[in-house]
Amino acid sequence: MVEVGSRVRGFLRNRWLVFVAAMWMQSCAGVGYLFGSISPVIKSSLGYNQRQVAGLGVAKDLGDSVGFLAGTLCAVLPLWAGLLVGAAQNLVGYGWVWLAVTRRVPVPPLWAIIQWHQAHHSLDLFRGKKTRNTSQYYVLVKKMCILIFVGNNGETYFNTAALVSCVQNFPKSRGPIVGILKGFAGLSGAILTQFYAMIHSPDDAALIFMVAVGPTMVVIALMFIVRPVGGHRQVRPSDGTSFTFVYSVCLLLAAYLMGVMVLEDLVDLSQTVTVLLTIILIIFLLAPIVIPILLSFFSDDDETLSALLMPSPRKEEASASTSSEEQQEVILSEVEDEKPKDVDLLPASERQKRIAELQAKLFQAAAVGAVRVKRRKGPRRGEDFTLMQALIKADFWLLFFSLLLGSGSGLTVIDNLGQMSESLGYEESHIFVSMISIWNFLGRIAGGYFSEIIVKDYAYPRAIALAVAQIMMAIGHFNFAMAWPGTMYVGTLLVGLGYGAHWAIVPAAASELFGVKNFGTLYNFLTVANPAGSLVFSGVIASGIYDAEAAKQAQQRHNSTLLAMPGRVVNMVSEAAALKCEGAICFFLSSLIMSGFCIIAVVLSLILVYRTKIVYTNLYGKPRT
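Please read these numbers as outputs of a predicted model, since none were measured by experiment.

A. Seen up close, the state of the cysteines. Summed over the entire model, instances satisfying the criterion amount to one disulfide. Put simply, Cys581 and Cys586 are joined by a disulfide, and their sulfur atoms are 2.0 Å apart. Across the S-S bond linking Cys581 and Cys586, the dihedral sits near -95°, which makes this disulfide left-handed. You can call Cys581 buried: its relative accessible area is 1%.

Put into structure tokens, the structure is as follows:
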């Protein structure tokens, strides 16, 4: 009985259980990728034009990416508290949007003037009495944008908690961990779409209700499991097999969802078949739980069980260890200052030998007082940076703007996918929303896997994988512009894979170049590139060109029906037509512009590769292949 209790406690502290729970959380944390399915409902029910819908999309992207508050709360509070705040924001934001769309509450205007009153007292010396003065302030705000922002901002808490806990639990496998977690976030659009198909609601607004309630319930159920559990003490030789199993489940899950989407597109499935397909999906999602179960209850490795149950080190021991590490870090930084420049060009074994000799001399000299080891100013690349220290580094801004151009253009496609498919004559836009979600998922899995091979087997900068992803996106945007037969299928494939790879490669590269100590803060700053790019590409370029082309087509319809339809009816038809653009011209120019910006992102990534080659050589040594 005692052994069973110990194994249960070990199961609850197993880092693989935390990882699996984080995967489940991420599988419903990417509700922003459903905006392509939600936006047509909001647009039709509230009477918005494409520019207004694009404004809502930018608010969604800002909510999904502005994570300074989330990073701060997750650093100073327990992770469950941050997750609870995120769940509340998701419920309130999207819940109120659902109430507005279904007319259960008064529809908040897109634009509104909010008035504040500020009262203060002053002493009237002449009258000898107090008087009250009131100042009025007026602020112009987008109420619907605020609701979308609040709802989607809950995702930043989910993503931050999942990434921070798992990166700390798997410090030696950052690439695969980030890729898989971000992959499930990208796949959540297809997963939630399948659950919505099972509900089979004739009301399109029910999707918004599911987005408000579903993720909130999942996060509340898992918020006490997702946490750091001392994963550095749980590293075992079986980790490779466990990762292989998780990768296999991911690939099977993506293939299954793709098959289901194609089947639903070709055949009108009955409700019973749809429910059965969703149950199989749930089985795929639950499959990874066998890893912590096997490790905790069916493993005879006593060392594993003792590591799981081992208490955390005492503060005194931790502080002593920290002091020793800091002292050694000072010596190592002094070695960097004193070593000859040609040492970095030597083979790995010879370079390590020379550095060890120099380090021993410095230790001996410092011990007898012959030299005074001084602490240098600021970290070097590969060490732990604060946000302010990273902001003055060119490498950080190269990574930021490369992400801005690449992910911003990809997010523009995701946000406008419903309108893009409608303009080309496709009636079922949710099929492409699900497909790009699947390619997004595979791009994140592949980005984490192949970039890990690049850095560990070839000791080459991870940013080279980023450049390859951006080349794929440039080709995908060009394909959208040309509107060839099947362009929606090819374009969603290339843009989805490239966009997804960004979110596996960039966080891992940032942790390698700027350390893991302040990873949450650095990651949340980099994610600002996503809405910044979307603001320019979607909020200004794509929506502006779309509305201009829609206005031209509306005028042409007006002229062609002027003789047949008089007066008021003509005006009504013209106003309705102005909201919709048809044909390849709607996104031709904007797709070409985004393709060009992706080429610029490739150049920035290659510059980063050139600048950081020596860093990756020092981190990973001589290539193994």
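B. Representation of the confidence of the model for the chain within the structure. With 77% of its residues at a pLDDT of at least 70, the chain reaches an overall mean of 78. Within the chain, helix α20 (residues 463-482) carries the highest mean pLDDT (95), whereas helix α14 (residues 315-338) carries the lowest (42). Low pLDDT, under 50, characterises residues 312-338; the predicted model gives this stretch 23 contacts beyond four residues in sequence or across chains.

C. Structural context of the environment of Gln168. In this fold, Gln168 is placed in helix α7 (residues 143-169). For Gln168, a relative accessible area of 44% gives the class partly exposed. With 62 residues separating them along the chain, Gln168 and Gly230 place their C-alpha atoms 7.7 Å apart.

D. Representation of the environment of Val218 in the model. Relative to the helices and strands, Val218 is located in helix α9 (residues 206-222). Remark: the alpha-carbon pair of Val218 and Trp24, spanning 194 residues in sequence, is separated by 8.0 Å. Each residue touching Val218, except ones within four places of it in the same chain, is listed here: Trp24 and Cys28.

E. Looking closely at the packing of helix α8 (residues 174-199) against helix α19 (residues 429-457). Interaxial distance between α8 and α19 falls to 8 Å at its minimum, and their mutual angle equals 175°. Regarding the angle of α8 to α19, the classification is roughly antiparallel. For the contact of α8 with α19, a count of residues per class yields nine nonpolar, 12 polar and three charged.

F. Inspection of the packing of helix α2 (residues 15-26) against α7 at higher detail. With their axes 10 Å apart at the nearest point, α2 and α7 run at an angle of 155° to one another. With respect to α7, the axis of α2 lies roughly antiparallel. The handedness of the crossing between α2 and α7 is left-handed. Only Phe158, Asn159, Ala162, Ser165, Cys166 and Asn169 of α7 make contact with α2, whose side of the interface consists of Arg15, Val18, Phe19, Ala22, Met25 and Gln26. Per-class residue counts for the contact of α2 with α7 are seven nonpolar, four polar and one charged.

G. Inspection of the pattern of salt bridges at higher detail. Under the definition given, this model contains seven salt bridges. In this structure, Arg462 and Glu452 form a salt bridge, with 3.2 Å as the shortest nitrogen-oxygen distance. Highlighted residues: Arg462 in the loop between α19 and α20 and Glu452 in helix α19, separated in sequence by 10 residues. For Glu452, a relative accessible area of 9% translates into the label buried. What emerges from the salt-bridge pattern is a single network uniting Glu452, Lys456, Arg462 and Glu512.

H. Examining the packing of aromatic side chains more closely. Going through the model one piece at a time under the given rule, you end up with 28 aromatic pairs. Ring geometry for Phe396 versus Trp397: centroids 6.0 Å apart, planes at 90°, classification edge-to-face. The buried category is assigned to Phe396, whose relative accessible area is 0%. Judged by relative accessible area, which is 30%, Trp397 ranks as partly exposed. Ring centres of Tyr426 and Phe432 lie 4.9 Å apart, and the angle between their planes is 75°; on these two criteria the pair is classed as edge-to-face. On the accessibility criterion, Tyr426 (25% relative accessible area) is partly exposed. On the basis of relative accessibility, which here comes to 2%, the residue Phe432 falls in the buried class. Aromatic rings pair up to connect Phe385, Phe396, Trp397, Phe400, Phe401, Phe514 and Phe525 into one cluster.

I. Representation of helix α21 (residues 487-514) within the structure. An ideal rise of 1.5 Å per residue puts 40 Å on 28 residues; α21 measures up with 40 Å between its terminal C-alpha atoms. Looking one or two places after α21, you find Gly515, whose phi comes out positive at around 85°.

J. The arrangement of the side chain of Thr492 in detail. Within the element layout of this structure, Thr492 appears in helix α21. Residue Thr492 is classed as buried on the basis of its relative accessible area of 0%. A polar contact is formed between the side chain of Thr492 and the backbone oxygen of Met488, at a distance of 2.7 Å. Within polar-contact distance, the side chain of Thr492 engages the backbone oxygen of Tyr489 at 3.0 Å. Apart from residues lying up to four places away in sequence, Thr492 is in contact with Leu417, Phe432, Met435, Ile436, Trp439, Phe480, Thr487 and Leu497.

K. Fine view of a nonpolar patch on the surface. Among the surface-exposed residues, Val4, Val8, Leu12, Phe245, Val290, Ile293, Leu294, Phe297 and Phe298 lie close enough to one another that they form a single nonpolar patch of about 750 Å² accessible area. Counting only elements with at least two residues in the nonpolar patch, the list comes to α1 (2-12) and α12 (290-297). Among the elements that line the nonpolar patch, the one with the most residues is α12, at four residues. Turning to its location among the elements, Val4 is positioned in helix α1.

L. Main features of the nonpolar core. The biggest cluster of nonpolar side chains holds 105 residues, and the ones touching the most others in it are Phe19, Ile180 and Ile438. Top element by residues in this core is α19. It accounts for 12 residues. With residues up to four places along the chain from it excluded, the contact list for Phe19 reads Cys166, Phe170, Ile177, Ile180, Leu181, Phe243 and Val246.

M. Focus on the side chain of Asn14. Turning to its location among the elements, Asn14 is positioned in the loop between α1 and α2. With a relative accessible area of 1%, Asn14 lands in the buried category. Polar side-chain contacts of Asn14 include one of 3.5 Å to the side chain of Ser296.

About the cut-offs
Residues numbered from 1 in each chain as written. Predicted model: local features only at pLDDT ≥ 70, side-chain atom pairs only at ≥ 80, totals over all residues. Heavy atoms only, no water. Disulfide = S-S within 2.5 Å. Buried < 20%, exposed > 50% of the residue type's maximum accessible area, 1.4 Å probe, protein only. pLDDT = per-residue confidence, 0-100. Helix = DSSP H or I, 4+ residues; strand = E, 2+ residues; numbered from the N terminus. Contact = heavy atoms within 4.5 Å. Axes fitted to C-alpha atoms, helices over the stretch in contact; angles between N-to-C directions. Parallel < 35°, antiparallel > 145°, perpendicular 65-115°, else oblique. Nonpolar A, V, L, I, M, F, W, Y, C, P; charged D, E, K, R; others polar. Left-handed = near helix turned anticlockwise from the far one by under 90°. Salt bridge = Lys/Arg side-chain N within 4 Å of Asp/Glu carboxyl O. Phe/Tyr/Trp six-rings, centres within 6.5 Å; stacked < 30°, edge-to-face > 60°. Expected span 1.5 Å × (residues − 1). Polar contact = N/O pair within 3.5 Å; in protein donor to acceptor, adjacent residues only side chain to side chain. Patch = residues over 30% accessible without salt bridge, like charges linked within 9 Å, V, L, I, M, F, W, Y side chains within 5 Å. Areas by Shrake-Rupley, 256 points an atom, 1.4 Å probe, with all protein chains shown as cover. Core = buried A, V, L, I, M, F, W, Y, C linked by side-chain atoms within 4.5 Å.

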